[in-house]
Amino acid sequence: MLGEVEGTLQGHRDGHGFVIPDDGSADIYLSSQETHAVMHGDRLRVRVTRFDKRGRPEGRVLEILERKKRPIIGRLLLESGVWLVAPEDRRMGQDILIPKNGIANATAGQVVAVELTEPPSLYSQPVGRVVEVLGEIDDPGMEIEIAVRKYDVPHRFSPETLAQSAKLPEKLRAADLKQRIDLRDVPLVTIDGEDARDFDDAVYCEPFKQGRGKKAFEGWRLLVAIADVSHYVKPGEPLDADAYERATSVYFPRRVIPMLPEKLSNGLCSLNPYEDRLSMVCDMLVAGDGTVSAYQFYPAVICSHARFTYTEVAAILGNTHGPEAAKRRELVPHLLHLHEVYRALLAERHRRGAIDFETTETQIVCDDNGRIEKIIPRTRNDAHRLIEEAMLAANVCAADFIHTNKHHALFRVHEGPTPEKRQTLQNYLRSLGIGMGISDDPTPREFQQLAEATKDRPDAQQIHQMLLRSMQQAIYTGTNSGHFGLAYPAYTHFTSPIRRYPDLLVHRVIKALLANKRYTLDPAKMNVPQAPKRPGRAAPPNPAEARNEAERWEVVGAHCSANERRADEASRDVEAWLKCRYMRDRLGEVFAGTVSAVTSFGLFVQLDELYVEGLVHITELGGEYFRFDEVRQELRGERTGIRYATGARVQVQVSRVDLDGRRIDFRLVRDDDEARPVSRSASAKSIGKPASKSPAKKRAPKSAVEALDDVRQADRDVKQSRKAVVAGLHPVKAAQQAAKRAASKASKKAAAKPAPRKRR
């Protein structure tokens with residue numbers, strides 16, 4: 001049905017764009033002609049004019065409702081005497097003209113922030129002025145400075161927030177300890193990664209027995225103590241306004257943009273070892289079968305007895321008589337009890353059918369300049385899983401406590417596959433000859449059984465990725481719909497209030513319930529600036545504008561979900577830039593890899609040793625037409641029948657790196673094929689090495705003249721080969737053409753000779 005729609009423009013680097021409607025309906029395509037007077041992030045009113053063959057709507061711009069007001073980040077360039085800025089975000093679509101008096105103190109090539117003074121029109125480019133000079137593109141950390149501005153990540157605390165943070169005490173006061181249970185003698189410990197700086201949680205476990213005889217209850221008492229951020233961050237205060245605007249901490253390699261100022265995140269709220277800290281405790285009784293039979297919440301004061309790393313705990317659990325255990329001898333029994341309750345919780349996880357895919361996560365190791373030194377797989381050991389199960393148990397208890405008391409809050413909801421995604425997955429499994437399928441109303445157990453049944457297949461990782469893609473994205477919402485992946489009827493986030501705003505809200509709700517009160521989102525105390533617009537998505541309305549309490553929680557949930565995705569996008573953008581910078585020094589080298597995804601335009605390949613992904617464009621697969629099979633997720637050549645599917649093993653050469661586009665291009669290298677020289681050739685010894693060997697070594701780069709000669713010679717070779725093919729197919733015609741060319745050359749040569757001089 002044709003009509004008018006309001007939404008936000010999501011630009012495309014090729015010039016066209018899509019309007020993302022506010023009502024959640026289908027995206028509307030805008031041609032490059034329609035997007036000439038608008039820019040990525042603008043809010044528009046469009047009219048749907050037609051539908052294409054696949055039923056997708058196309059539109060025409062009727063009105064520009066709101067221009068994106070945030071500064072645009074890009075490179076300042078000087079071309080033919082004209083200053084302009086090429087936006088870092090290619091979705092902007094147009095370069096921005098800068099008058100000579102608008103470049104401030106910037107120089108050509110620097111990264112700058114630009115404020116528009118004149119928007120684009122049908123006949124002119126946008127005009128702007130430089131408002132901030134970020135520095136040179138190769139400055140350490142520049143990729144992060146670009147990303148936080150590109151994705152509108154708040155990265156500066158307000159003066160009011162900093163002033164309030166400065167007034168907070170350095171240590172606990174006597175007044176802070178009132179109406180709290182003193183657990184400072186309980187040997188709670190923190191277990192985190194080596195690079196962790198803030199510690200949200202501490203854990204303790206001991207055996208528990210209640211009653212006598214056959215009816216005796218045997219199990220464990222598990223304590224999960226979480227930093228009591230709500231004691232310091234109150235509704236309506238500057239600290240709370242900034243925390244809500246950010247909604248989450250953003251993690252980059254070597255840098256974190258925290259939700260709270262450092263005095264709180266790394267100081268007063270962080271459960272640092274041997275320091276008295278305020279906490280909210282979830283005190284649970286876990287039965288021998290892993291079920292939580294009872295729990296209670298209460299505010300407490302604790303003192304962490306040690307700061308463990310995952311690696312250290314795994315070593316102790318693996319050898320209780322080793323050197324690591326000897327250093328922490330008095331705490332080893334408690335770690336063993338934690339391991340026992342973990343195994344019980346894990347067994348219960350399997351019984352309820354929760355989904356548990358084994359995926360390979362990577363960790364980027366940077367040098368002192370912030371560049372990638374290496375990328376290594378992040379291995380999960382029992383220490384990781386131990387903490388994960390303890391946190392899951394506490395989160396479930398928090399959700400149950402709130403749900404039982406019928407109180408509004410934010411739940412972490414993860415729904416199963418939509419009917420469309422379920423059918424796509426069913427077709428995919430059938431195409432692979434997998435007899436198992438999923439029902440019309442699938443359960444998590446069915447997915448877990450599929451994962452177990454296919455875990456030994458060579459394409460197991462790709463099958464598990466398809467299983468994951470079929471499910472919906474987890475969100476924060478005020479309506480509890482359960483957590484499909486974890487197989488919980490109710491689930492929320494309670495364990496990370498230092499870095500997630502939803503957890504802080506859950507703490508406030510639990511505290512209110514413990515005091516026999518109700519916690520409400522007071523509109524007067526939530527009159528904060530409207531939530532920042534995400535590129536390509538309409539911002540949720542201000543919570544103060546919601547009509548009732550239930551709607552207010554929904555608005556806050558949408559805001560937190562959107563900012564969570566924004567943080568993920570910014571982190572991925574920085575990682576992609578670092579990987580492109582890393583691979584730029586490996587142009588021309590050959591690597592072994594695995595096809596990680598197949599699309600209609602080519603293959604995505606992940607390199608074995610570097611854990612970097614790039615694209616083999618379909619034009620690099622050979623001189624035939626390849627058809628994309630969406631069901632089988634493969635490309636198939638129509639002439640030869642050759643197939644490329646997920647999981648296929650290939651050898652590729654790094655052929656191109658686009659830093660601005662965050663894109664790495666590969667060229668397929670076959671066994672009988674030699675790697676063509678790119679800008680940085682592989683050495684003769686390394687080209688054509690088998691996949692199991694290390695990647696090819698680099699040679700010194702060729703000069704520009706040498707590279708140009710190579711290109712010209714390659715063109716001549718192609719022309720000669722084409723002539724040879726034509727001659728083979730049409731010998732008579734080829735001979736006639738050759739005779740004509742010879743005669744033409746002879747006549748030209750004769751005409752070029754100078755006329756003989758006359759004798760005088």
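Refer to the preceding data block for the structure.
Since this is a predicted model, take the numbers as computed values, not measurements.

Participant: Which residues make up the packing of helix 2 (residues 159-167) against helix 3 (residues 238-246), and what are the values?
Facilitator: Each pair of packed helices can be described by the angle between their axes along with the distance between the axes. Interhelical geometry of helix 2 versus helix 3 gives an angle of 125° and a closest axis separation of 8 Å. When the axes of helix 2 and helix 3 are compared, the pair comes out oblique. Remark: the crossing between helix 2 and helix 3 carries left-handed chirality. Touching Glu-160, Thr-161 and Gln-164 of helix 2 are Pro-238, Leu-239 and Asp-242, all from helix 3. Considering only residue class, the contact of helix 2 with helix 3 consists of 2 nonpolar, 2 polar and 2 charged.

Participant: How would you explain the sheet that holds strand 30 (residues 649-658) if you had to name every residue and give the values?
Facilitator: Taking strand neighbours around the barrel as the criterion, the 5 strands line up as 24-25-26-31-30 in a closed arrangement whose pairing is mixed. With direction set aside, neighbouring strand axes in the sheet form an average angle of 55°. Taken together, the 6 bridges between strand 24 (residues 590-599) and strand 25 (residues 602-607) define a ladder with antiparallel strand orientation. Residue pairing across strands places Ala-597 opposite Phe-604, the latter belonging to strand 25. Packing against the sheet, helix 13 (residues 549-584) makes contact with strand 24, strand 25, strand 30 and strand 31 (663-669), and its axis sits at approximately 100° to strand 30.

Participant: How would you summarise helix 2 if you had to cite specific residues and measurements?
Facilitator: For helix 2, the full list of buried residues reads Thr-161, Gln-164 and Ser-165. One face of helix 2 carries all of its buried residues, which in axial projection span an arc of 100°. Helix 2 presents Pro-159, Ala-166 and Lys-167 as exposed residues on the side facing more than 90 degrees away from its buried surface. Check the buried side of helix 2 and you find it contacts helix 3 and helix 4 (262-268).

Participant: Please provide a residue-by-residue account of the packing of aromatic side chains, values included.
Facilitator: Evaluation of the coordinates by the stated rule reveals 10 aromatic pairs. Summarising the aromatic geometry, the rings of Tyr-295 and Phe-297 are spaced 5.8 Å apart at their centres and angled 70° between planes, so their arrangement reads as edge-to-face. Here Tyr-295 falls in the partly exposed class, since its relative accessible area comes to 28%. The exposure class of Phe-297 is buried, given its relative accessible area of 5%. Relative to Phe-401, the ring of Phe-297 has its centre 5.5 Å away and its plane inclined at 40°; by these criteria the two rings are tilted. With Phe-297 in strand 18 (residues 292-303) and Phe-401 in helix 8 (residues 382-404), the pair connects residues that are 104 residues apart, well separated along the chain.

Participant: Could you give an account of helix 5 (residues 310-318), with specific residues and numbers?
Facilitator: Since the α-helix packs 3.6 residues into each turn, any two residues three or four apart lie on the same face. Those residues of helix 5 that sit buried are Tyr-310, Glu-312, Val-313, Ile-316 and Leu-317. Projection of helix 5 onto a plane perpendicular to its axis shows the buried side chains occupying an angular sector of 165°, all on one side. Of the surrounding elements, those touching the buried residues of helix 5 are strand 12 (190-192), strand 19 (307-309), helix 6 (323-327), helix 7 (332-352) and helix 8.

Participant: A description of the nonpolar core should follow, citing residues and the corresponding values.
Facilitator: Core analysis: the biggest nonpolar cluster contains 89 residues, and Ile-191, Leu-222 and Phe-494 have the highest contact counts within it. For this core, the leading source of residues is helix 8, giving 12 residues. Judged by nonpolar contacts, the second largest core, of 43 residues, contains Ala-147, Val-250, Leu-607 and Leu-668.

Participant: Which residues make up the pairing of strand 30, and what values do they have?
Facilitator: Most of strand 30 sits inside the fold, with 7 of its 10 residues counted as buried. The sheet contact formed by strand 24 and strand 30 spans 5 bridges and is antiparallel. Opposite Ala-592, over in strand 30, you have Gln-651 as the bridge partner. As paired strands, strand 30 and strand 31 are joined by 7 bridges and run antiparallel to one another. The residue bridging Gln-651 from the neighbouring strand is Val-669, located in strand 31. From the end of strand 30 to the start of strand 31, which pair antiparallel, there are 4 residues, and Arg-662 there has a positive phi angle of about 55°.

Participant: I'd like a description of the environment of Glu-389, backed by residues and values.
Facilitator: Inspection of the secondary structure assignment puts Glu-389 in helix 8. What makes Glu-389 buried here is its relative accessible area of 5%. The spatial distance from the C-alpha of Glu-389 to the C-alpha of Leu-346 is 7.1 Å, given a sequence separation of 43 residues.

Participant: Provide a residue-level description of the pattern of salt bridges, including the pertinent values.
Facilitator: Within the structure shown, the criterion is met by 51 salt bridges. Between Arg-129 and Glu-115 there is a salt bridge; the shortest N-O distance is 2.9 Å. Of this pair, Arg-129 sits in strand 10 (residues 127-135) while Glu-115 sits in strand 9 (residues 111-118), and the two are 14 residues apart along the sequence. What makes Arg-129 partly exposed here is its relative accessible area of 38%. The class of Glu-115 is partly exposed, set by a relative accessible area of 34%. Between Arg-663 and Asp-665 there is a salt bridge; the shortest N-O distance is 2.8 Å. Residue classification places Asp-665 among the buried residues on the basis of a relative accessible area of 10%. Taken together, the salt bridges that share partners define one network made up of Glu-6, Asp-22, Arg-43, Arg-45 and Glu-63.

The rules behind the values
Residues numbered from 1 in each chain as written. Predicted model: local features only at pLDDT ≥ 70, side-chain atom pairs only at ≥ 80, totals over all residues. Heavy atoms only, no water. Axes fitted to C-alpha atoms, helices over the stretch in contact; angles between N-to-C directions. Helix = DSSP H or I, 4+ residues; strand = E, 2+ residues; numbered from the N terminus. Parallel < 35°, antiparallel > 145°, perpendicular 65-115°, else oblique. Left-handed = near helix turned anticlockwise from the far one by under 90°. Contact = heavy atoms within 4.5 Å. Nonpolar A, V, L, I, M, F, W, Y, C, P; charged D, E, K, R; others polar. Pairing = 2+ DSSP bridges. Buried < 20%, exposed > 50% of the residue type's maximum accessible area, 1.4 Å probe, protein only. Arc of directions from axis to C-beta. Phe/Tyr/Trp six-rings, centres within 6.5 Å; stacked < 30°, edge-to-face > 60°. Core = buried A, V, L, I, M, F, W, Y, C linked by side-chain atoms within 4.5 Å. Salt bridge = Lys/Arg side-chain N within 4 Å of Asp/Glu carboxyl O.

These figures capture arrangement, not role.
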